[in-house]
Amino acid sequence: MSETGALDTHLQELRRGTVVLACLRLLRAPGYGYGLLEELQTRGFDVDANTLYPLLRRLEKQGHLSSEWNTDEARPRKFYRTSAEGARLAAALSADFDALARAIAALPAPPSPEDTP
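Residues numbered from 1 in each chain as written. Predicted model: local features only at pLDDT ≥ 70, side-chain atom pairs only at ≥ 80, totals over all residues. Heavy atoms only, no water.

Trainee: What is the right way to look at the overall build of the chain in this model?
Mentor: Across its full length, the chain holds four helices and three strands. For a compact globule of 117 residues, the expected C-alpha radius of gyration is about 13 Å, and the chain comes in at 18 Å, more than 25% above that figure. Projecting the C-alpha coordinates of the chain onto the three principal axes gives extents of approximately 60 × 30 × 25 Å. Sequence separation of 24 or more characterises 44% of the internal contacts of the chain that already satisfy a separation of 6 or more. When the accessible surface of the chain is split by element, carbon and sulfur atoms take 55% of a total near 8,600 Å². Separation of charge centres in the chain, based on 14 positive and 16 negative side chains, amounts to 8 Å. (Helix = DSSP H or I, 4+ residues; strand = E, 2+ residues; numbered from the N terminus. Rg over C-alpha atoms; globule rule 2.2 N^0.38 Å. Contact = heavy atoms within 4.5 Å. Areas by Shrake-Rupley, 256 points an atom, 1.4 Å probe, with all protein chains shown as cover. Lys, Arg positive; Asp, Glu negative; His and termini not counted. Charge placed at Lys NZ, Arg CZ, Asp CG, Glu CD.)

Structure (structure tokens):
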């Protein structure tokens, strides 16, 4: 695997859980898939539709999101909202994320590529 491919794999692993947390926090106010996708991308979460839509369905199935269809407009849209269970999960994930960020910040700075053999 190339160095770029390895980096991409590690970045994907690092970001996977943060997208769950971001969705739970952003969906405190109702939102639909495409709107959420745009909001995530605007806020720096590089996620595509093929990742987001299955994630939303999984979070709903697990009870972390609720949904309802809005058929008032020409194109029906399924709106998601964080459930009470999802809010508890988001609070726990946020606390853990904050603790991990503090722990990582307290570690020595990563070596520069020039410092390694």
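Trainee: Honestly, helix 1 (residues 3-26) in this entry has me stumped. Any pointers?
Mentor: The periodicity of an α-helix, 3.6 residues per turn, causes residues three or four positions apart to be oriented the same way. With 24 residues, helix 1 extends 34 Å from end C-alpha to end C-alpha; this agrees with the ideal 34 Å at 1.5 Å per step. At Arg15, helix 1 shows its maximal kink, close to 30°. (Expected span 1.5 Å × (residues − 1). Bend = angle between axes of the 7 residues up to and from the residue.)

Trainee: Help me out: how do you make sense of the sheet that holds strand 1 (residues 31-32) in this one?
Mentor: Paired through their backbone hydrogen bonds, the strands of a sheet run either parallel or antiparallel. Spatially, 1-3-2 is the arrangement adopted by the three strands of the open sheet, whose pairing is antiparallel. At either end of the open sheet lies a strand with only one pairing partner, and these are strand 1 and strand 2 (65-70). Relative to strand 3 (residues 77-82), strand 2 runs antiparallel, the two sharing six bridges. Across the sheet, residue Ser67 finds its bridge partner in strand 3, namely Tyr80. (Pairing = 2+ DSSP bridges.)

Trainee: Is there a simple way to explain the environment of Phe45 in this structure?
Mentor: Looking at where Phe45 falls in the secondary structure, it is placed in the loop between helix 2 (33-42) and helix 3 (49-61). Taking relative accessible area as the criterion, Phe45 reaches 25% and is therefore assigned partly exposed. With 30 residues separating them in the primary sequence, Phe45 and Arg15 have C-alpha atoms 8.0 Å apart. The contacts of Phe45, once residues within four sequence positions are left out, are Thr18, Val19, Ala22 and Leu40. (Buried < 20%, exposed > 50% of the residue type's maximum accessible area, 1.4 Å probe, protein only.)

Remember, this is a structural readout, not a statement about activity or role.
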